[in-house]
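# Notes for the structure review
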Amino acid sequence: MNKTDLIALVADKAELTKVDAEKAVEALLDGIVEALARGEEVKISGFGIFSKKVRAARDGTNPSTQVKIHIPASSTVSFKVSKPLKEKLNK
């Protein structure tokens, strides 16, 4: 499922126009991104928890040239699935 499919699904399930559904999906995603950028967790009951994780700087090796390189610290998003969703996926 991609973003267009998700918008169509929201429009169908919520009985909205695709334009209104797109606005709703965009608002939801923007809210999640803004909260994560502030370092907050986003908890969606029955779905899971999105959180910001920081990867430490480290040294690595370029696999094609075997040259040692420094990999700087970076941030990423972690997702922990909720128990009800996990149970539903493992039926």
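Reference entry: report on the structure contained in this document.

Each value, and the rule that gives it
Residues numbered from 1 in each chain as written. Predicted model: local features only at pLDDT ≥ 70, side-chain atom pairs only at ≥ 80, totals over all residues. Heavy atoms only, no water. Phe/Tyr/Trp six-rings, centres within 6.5 Å; stacked < 30°, edge-to-face > 60°. Buried < 20%, exposed > 50% of the residue type's maximum accessible area, 1.4 Å probe, protein only. Helix = DSSP H or I, 4+ residues; strand = E, 2+ residues; numbered from the N terminus. Pairing = 2+ DSSP bridges. Axes fitted to C-alpha atoms, helices over the stretch in contact; angles between N-to-C directions. Salt bridge = Lys/Arg side-chain N within 4 Å of Asp/Glu carboxyl O.

## Some points on the packing of aromatic side chains
Within the structure shown, the criterion is met by three aromatic pairs. Seen in terms of ring centroids, Phe-47 and Phe-50 are 6.4 Å apart; in terms of plane orientation they differ by 35°. Their pairing is tilted. Since its relative accessible area comes to 37%, Phe-47 is described here as partly exposed. Assessed through its relative accessible area of 19%, Phe-50 is described here as buried. Seen in terms of ring centroids, Phe-50 and Phe-79 are 4.8 Å apart; in terms of plane orientation they differ by 50°. Their pairing is tilted. With Phe-50 in strand E2 (residues 48-55) and Phe-79 in strand E5 (residues 74-81), the pair connects residues that are 29 residues apart, well separated along the chain. One aromatic cluster in this structure is built from Phe-47, Phe-50 and Phe-79.

## Looking at the sheet that holds E5
Spatial ordering of the open sheet is given by E1-E2-E5, a layout of three strands whose pairing is antiparallel. The open sheet has two edge strands with one neighbour each: strand E1 (42-44) and E5. Sheet twist, expressed as the average angle between the axes of neighbouring strands with direction ignored, equals 25°. Bridge analysis of E1 against E2 gives three bridges, and the strand direction is antiparallel. From the neighbouring strand, Ile-44 faces E2, where its bridge partner is Gly-48.

## Some details on the pattern of salt bridges
A full pass over the atoms with the stated rule returns three salt bridges. For Lys-3, the salt bridge goes to Glu-26, with nearest N and O atoms at 2.4 Å. Highlighted residues: Lys-3 in helix H1 (residues 3-13) and Glu-26 in helix H2 (residues 18-37), separated in sequence by 23 residues. Among the residues examined, Glu-26 registers a relative accessible area of 26% and is labelled partly exposed. Arg-38 serves as the salt-bridge partner of Glu-40, at 3.0 Å between the closest nitrogen and oxygen.

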